[in-house]
Amino acid sequence: MIEEKKIIESNHNNIITIVSIFIMIITFCILLSDMKKINRINEVLQYRLNYSQSTEDLQEITGNNKYRDSIYNSNRKISEQKKEKYIYITINIICVIAFICALTSILLSANTSLVVTDKRVYGTIALGKRVDIPLKAISSIGTGFLQSIIVSSSSSKICFYGIANYKEIHTEISNLILSDN
């Protein structure tokens, strides 16, 4: 029985994990500070709405128009506060999306490994799923986003994310496929 020879093994890229954790920390801090600002804006809005209502009531009771400018200014400030609140909510939505993307990139590349032998390609992909593909079954090989290697066979397409030496592995698998044919 002929033993298989290991040709190349993947190196895990820690930069993706570090950058993703950094993005998660920054977005979490922004979310916390914006939530405090939104709560403060809500308090100010509530106060201004109450003030505006009491000023309108006072104008109705006295029949005096001297409060009209005060009501106008209060309503204008309320409108500005609402716009500011929506800006902070939009920033929070963007931060949540960035947080989810960073978490996804960590989950995709955390336990990824890849080994190429002269007979097969095997390793672990996202969330620790083990794969083993005979070299003869590989129909195409490619590279992609997050330093990934995409191995396609007739039955599936498998992505190995966060591989530091993905270009070398791509070259080796390509050479093996070409030499096999």
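Use the structure listed above.
The following refers to the structure shown. Every residue gets a number counted from 1 within its own chain, in the order that chain's sequence is written. Local features in a predicted model are, by the rule used here, given only for residues with pLDDT of at least 70; side-chain atom pairs are given and counted only at 80 or more, and totals for whole chains, interfaces and linings are based on all residues. Each side-chain value is worked out from all heavy atoms of the structure, with water and hydrogens disregarded.

A short note on the nonpolar core
The nonpolar side chains of a soluble globular protein tend to be buried, and buried together. Ile-138, Ile-149, Phe-160, Ile-169 and Ile-173 are the most contacted members of the largest nonpolar core, which has 20 residues in total. Elements are defined by DSSP. Helices are runs of H or I of four residues or more, strands are runs of E of two residues or more, and each kind is numbered from the N terminus. Looking at this core, the elements that each hand over two or more residues are strand S2 (113-117), strand S4 (130-134), strand S5 (138-144), strand S6 (148-153), strand S7 (157-160) and helix H3 (166-180). If you tally residues by element for this core, the top one is H3, at five residues. For Ile-149, the residues in contact, after removing those within four places along its chain, are Leu-114, Ile-141, Gly-142, Thr-143, Ile-158, Cys-159, Phe-160, Ile-163, Tyr-166, Ile-169 and His-170. By nonpolar core is meant a set of buried Ala, Val, Leu, Ile, Met, Phe, Trp, Tyr and Cys residues that side-chain atoms within 4.5 Å join together. Partly exposed describes any residue whose relative accessible area lies between the buried limit of under 20% and the exposed limit of over 50%, with all areas from a 1.4 Å probe on protein chains only and scaled to the type maximum. Should any heavy atoms of two residues lie within 4.5 Å, those residues are considered in contact.

Focus on unusual backbone geometry
A negative phi angle characterises most non-glycine residues, just as the trans form characterises most peptide bonds. Look at Leu-127: it is not a glycine, yet its phi comes out positive at around 60°. Its location among the elements puts Leu-127 in the loop between strand S3 (120-124) and S4.

Here we look at the sheet that holds S5
Spatial ordering of the open sheet is given by S5-S6-S7, a layout of three strands whose pairing is antiparallel. Of all the strands in the sheet, the pair left with one neighbour each is S5 and S7. Strand-to-strand twist across the sheet, computed as the mean angle between neighbouring axes with direction ignored, equals 20°. Bridge count for S5 against S6 is six bridges, and the pairing is antiparallel. When the sheet's bridge partners are listed, Ile-141 is paired in S6 with Val-151. Angular values range over 0 to 180 degrees, each being the angle between N-to-C directions of two axes fitted as lines to C-alpha atoms, with helices fitted over their stretch in contact. Packed on one face of the sheet, H3 meets S5 and S6 and runs near 160° to S5. We treat two strands as partners when DSSP finds at least two bridges between them.

With respect to the pattern of salt bridges
Think of a salt bridge as a Lys or Arg side-chain nitrogen and an Asp or Glu carboxyl oxygen that are within 4 Å of each other. One pass over the structure, following the stated rule, counts three salt bridges. Residue Glu-4 pairs with Arg-120 through a salt bridge whose shortest N-O separation is 2.8 Å. One end of the pair, Glu-4, is in the segment before strand S1 (6-9); the other, Arg-120, is in strand S3, and 116 residues separate them in sequence. Since its relative accessible area comes to 24%, Arg-120 is described here as partly exposed. Beyond isolated ion pairs, a larger network of salt bridges with shared partners links Glu-4, Arg-120 and Asp-132.

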